[in-house]
Amino acid sequence: MSAAPDTRLAEGLFELPGAADRAILRTVIYASLFQAPQTLAELHRGLLGVPLSRTALAARLRGPFLRGRLGVTDGLVHLRGREDWVTLRHARRRHSRELLVRHRKLLAALARFPFVRLLALSGACARENAADEDVDVFLIVKRDRCWSVALALMLLSKALGVRRTLCLNYIVDEAQLALPERDLFTAAEIVGLRPLAGAPTYRLFIEANRSLAERYPNFLARQAALCRRLAPAGAPRWLEALLELGPAPLLEAAARLLLGRRLRRKLGDAPGVDLSPHRLKLHSQDHRPRVGAAFADALRRYGLDADGMQA
């Protein structure tokens, strides 16, 4: 007596996937590490490794290989069996938007602060997936003004009572546009930035990190469109020129000495910390190893490899 046919085989769930299917599944798996179902537009923009039109992406999601592994609920793509994350994502999106509305004046002032060349949201807030009250920002400032801007903004945010909300945890100057980290986590953070002001510097930053951004070909093809709506960054240039006559260089030297001493005592030599002259990276908890290990483990569970993408 013959065995009953395996319905999963009949449904095509064991069909060998193509490169596009594997790329889509990898991208959704990576987002799942943050409990973040994605809209079709978000999935398309952040698709790992394979250029694909949005129409083709939607068609692949309806194919048997992905249909057996992914679900679409309320327009959000998620791992099958994780429908509960959709409600969580809606709540986090509302919270993220309310957080930015509450601090819109602060962010507008930050964009016009002297020597700022790029203001961008980073982390969960940039992806509308925030679960706390932190507004993480990424700043690029004028060459040799990294420390003075950091010190001035830290003091100002403390005076305004928003020191715990405004997270100034990554500031680089124009001499350090190319980030030294070469991992997938850093690439995802670059692609996930939400620029608010400073189109020229944003373009230069993406070009300086092109080897990382190339992991996301759809993003590279469309990133120029992000610049069209951006406000200018920095204070009036006459004011900056006036500050350069004395106050700015003196504050930079004092900040490197005083703030540097305080940060070294507080943060030590943690792997997510960089206190170099042109870069202030203040990630006291370096999430890269944990996320990389979790991603590799999740890929193995789905029978995938990283295709050369070191997390």
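Source: prediction; values computed, not measured. (Residues numbered from 1 in each chain as written. Predicted model: local features only at pLDDT ≥ 70, side-chain atom pairs only at ≥ 80, totals over all residues. Heavy atoms only, no water.)

Mapping Ala-109 onto the fold places it in helix α7 (residues 104-111). For Ala-109, a relative accessible area of 46% puts it in the partly exposed group. As a C-alpha pair, Ala-109 and Ala-233 span 124 residues in sequence and 9.9 Å in three-dimensional space. (Helix = DSSP H or I, 4+ residues; strand = E, 2+ residues; numbered from the N terminus. Buried < 20%, exposed > 50% of the residue type's maximum accessible area, 1.4 Å probe, protein only.)

A sheet is described by the order of its strands in space; here three strands give the open sequence β1-β3-β2, paired in antiparallel fashion. Edge positions in the sheet fall to β1 (38-39) and β2 (70-73), since each of these pairs with one other strand and no more. Bridging between β2 and strand β3 (residues 76-79) involves four bridges; their strand directions are antiparallel. Residue pairing for β3: Gly-71 is matched across the bridge by His-78. (Pairing = 2+ DSSP bridges.)

Okay, the confidence of the model for the protein next. For the protein, the mean per-residue pLDDT works out to 90, and 93% of the residues sit at or above 70. With pLDDT under 50 throughout, residues 1-16 is counted as low confidence; its partners more than four residues away or in other chains account for 14 contacts. (pLDDT = per-residue confidence, 0-100. Contact = heavy atoms within 4.5 Å.)

Most of strand β6 (residues 166-173) sits out of view: eight of its eight residues are buried. Pairing of strand β5 (residues 135-141) with β6, which is carried by six bridges, proceeds in the parallel orientation. Considered in β6, the bridge of Val-141 is made with Asp-173. For the crossover from β5 across helix α9 (residues 146-159) to β6, the handedness is right-handed. (Right-handed = clockwise from strand over helix to strand, strands pointing away.)

Spatial ordering of the open sheet is given by β7-β4-β5-β6-β9-β8, a layout of six strands whose pairing is mixed. At either end of the open sheet lies a strand with only one pairing partner, and these are β7 (194-197) and β8 (273-276). Going from strand to strand, the sheet's axes swing by 30 degrees on average, the running direction of each strand aside. As paired elements, strand β4 (residues 116-121) and β5 share five bridges and run antiparallel to each other. Of the residues in β5, the one forming a bridge with Ala-120 is Phe-138. (Axes fitted to C-alpha atoms, helices over the stretch in contact; angles between N-to-C directions.)

This part covers the side chain of Arg-92. Checked against the element boundaries, Arg-92 lands in helix α6 (residues 84-102). Aside from chain neighbours lying at most four places away, what touches Arg-92 is Phe-34, Gln-35, Glu-128, Asn-129, Ala-130 and Ala-131.

A separate point is a nonpolar patch on the surface. Taken together, the side chains of Trp-238, Leu-242 and Leu-245 present a nonpolar region at the surface, about 420 Å² in accessible area. Looking at where Trp-238 falls in the secondary structure, it is placed in helix α14 (residues 237-243). (Patch = residues over 30% accessible without salt bridge, like charges linked within 9 Å, V, L, I, M, F, W, Y side chains within 5 Å. Areas by Shrake-Rupley, 256 points an atom, 1.4 Å probe, with all protein chains shown as cover. Salt bridge = Lys/Arg side-chain N within 4 Å of Asp/Glu carboxyl O.)

In this section: the pattern of salt bridges. What the rule picks out here adds up to 22 salt bridges. Residue Asp-297 pairs with Arg-301 through a salt bridge whose shortest N-O separation is 2.6 Å. With Asp-297 and Arg-301 both in helix α16 (residues 288-301), this residue pair falls four residues apart, about one helical turn. Residues participating in the shared-partner salt-bridge network are Glu-42, Arg-89, Arg-93, Arg-97 and Glu-128.

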